[in-house]
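Observations on the three-dimensional arrangement
Residues per chain are reported as follows:
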Amino acid sequence: MRALRCLSKGQPPVLETIARPQPAAGELRVKIAACGLNFADLLMVQGSYQETPAYPFTMGMEVSGVVDALGEGVSGPAVGTPVLVFGGQGGLANYACFDASRVTPLPQGTDMVSAAALQVAYGTSHVALGYKAGLKAGETLLVLGAAGGVGLTAVEIGKLMGATVIACARGADKLAVAKAAGADHLIDAEKDDIREAVRALGGADVVYDPVGGDQFKAAMRACNPEARLLSIGFASGEVPQVPANILLVKNLTVMGFYWGGYLAFKPSVVTDSLTELVRWHAEGKIKPHVSHALPLEQALEGMELLRSRKSTGKVVITL
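**Observations concerning the pairing of strand β9 (residues 140–144)**
Counting buried positions over the five residues of β9 gives five, a clear majority of the element. The two faces of β9 match: Thr-140, Leu-142 and Leu-144 on one face and Leu-141 and Val-143 on the other face are all buried. In terms of handedness, the path from β9 via helix α4 (residues 151–160) over to strand β10 (residues 164–169) forms a crossover that is right-handed. Alignment of β9 against strand β12 (residues 204–209), held across three bridges, turns out to be parallel. Residue pairing in the sheet places Val-143 in a bridge with Tyr-208 of β12.

Written as structure tokens, this is what we have:
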């Protein structure tokens, strides 16, 4: 089978032909249909992601596909069942083996490209806004990086939860994508003063920040008393330093959030969320925005789209 492999730290991944894996006890094998790309994939290539596997490894964190074989002790899902899997690695290949506990069944007939865009992006926003920040109907949610892979899902889920959503993104084209996802107000990060624009709209009760840097600082200063700020990631390349005096004066709460981390210490948070998201997807309540669906041979081009911020929503690799 073919697989996109990271052979050593900092070196470009290469497409190799390797043996098809066999499922060990407690695992099942999936014939992969599609794999969603994430900013974390770029960090893994550099060796700077918090959960970079040992080299060499096959890239690809989240997949959709069909169960192909069951390992010893695994009773299901049955062979032929369409599934989602967050494996953390192994997804950019024709086949991969995963622990059966990480598998979420899908309804028959599910669009596999759309499903591959579901787990990390929607899971991050669903758990962060609901479980972590406790976003309430009627509150104002500020989403930074609102046209990106996770930001766009925060706009969509924020609206489903009854919030007024302020979307902040770079340029008219990206803001149009956020508007189509349900944003009530738009801020252009290329030319608008984020702090003043949010204040003019009444301030923010919850901030969803996958960007970091100066945008985090501006958002903090536009928060209402008792606002919650979710630190999701640092796409800007700058990890912001939090001024504790502002937290004190406004009674603010800054929350670090890493979706995949819950799999290690409280996996039910993730699995319960995915079950609900699969139901929402089947009911048409959420509609993943995939700006690019590319074959495995163009996976490096897909990663460059993420690096250069030329994609909106998700980039998905098809197999």
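**Concerning the packing of helix α1 (residues 39–46) against helix α11 (residues 299–307)**
The geometry of α1 relative to α11 is characterised by a closest axis approach of 9 Å and an angle of 105° between their N-to-C directions. Judged on the interaxial angle alone, α11 and α1 are roughly perpendicular. Of α11, the residues touching α1 (which contributes Phe-39, Asp-41, Leu-42 and Val-45) are Met-303, Leu-306 and Arg-307. In the contact of α1 with α11, the residues fall into five nonpolar, no polar and two charged.

**Comments concerning unusual backbone geometry**
Glycine aside, the phi torsion of most residues is negative, and most peptide linkages are trans. In this model, Tyr-55 is joined to Pro-56 through a cis peptide bond whose omega is -5°. Here Gly-76 and Pro-77 are connected by a cis peptide whose omega angle stands at 5°. Within the secondary structure, Pro-77 sits in the loop between β5 (62–70) and β6 (82–86). Its identity is not glycine, yet Arg-309 carries a phi of approximately 60°, on the positive side. You can see Arg-309 is positioned in the loop between α11 and β16 (314–318). For Arg-309, a relative accessible area of 37% puts it in the partly exposed group.

**Focus on the environment of Pro-295**
Examined against the element boundaries, Pro-295 turns out to sit in strand β15 (residues 290–295). With a relative accessible area of 30%, Pro-295 lands in the partly exposed category. Through-space distance from the C-alpha of Pro-295 to that of Val-316 is 8.6 Å; in sequence the pair is 21 residues apart.

**Description of the pairing of β6**
For β6, the tally of buried residues reaches five of five residues, placing the bulk of the element in the interior. Of the pairings in the sheet, the one linking β6 to strand β8 (residues 103–105) comprises three bridges and is antiparallel in character. Note on β8: the bridge partner recorded for Leu-84 is Thr-104.

**Focus: the nonpolar core**
Residues Leu-129, Leu-141, Tyr-208 and Leu-230 are the most contacted members of the largest nonpolar core, which totals 73 residues. Not counting residues up to four positions away in its chain, the partners in contact with Leu-129 are Gly-134, Leu-135, Leu-141, Ala-154, Ile-157, Gly-158, Met-161, Val-206, Tyr-208 and Leu-230. By size, the runner-up hydrophobic cluster in this structure holds 21 residues, among which are Leu-142, Met-220, Cys-223 and Leu-252.

Conventions we followed
- Residues numbered from 1 in each chain as written.
- Predicted model: local features only at pLDDT ≥ 70, side-chain atom pairs only at ≥ 80, totals over all residues.
- Heavy atoms only, no water.
- Buried < 20%, exposed > 50% of the residue type's maximum accessible area, 1.4 Å probe, protein only.
- Helix = DSSP H or I, 4+ residues; strand = E, 2+ residues; numbered from the N terminus.
- Right-handed = clockwise from strand over helix to strand, strands pointing away.
- Pairing = 2+ DSSP bridges.
- Axes fitted to C-alpha atoms, helices over the stretch in contact; angles between N-to-C directions.
- Parallel < 35°, antiparallel > 145°, perpendicular 65-115°, else oblique.
- Contact = heavy atoms within 4.5 Å.
- Nonpolar A, V, L, I, M, F, W, Y, C, P; charged D, E, K, R; others polar.
- Core = buried A, V, L, I, M, F, W, Y, C linked by side-chain atoms within 4.5 Å.

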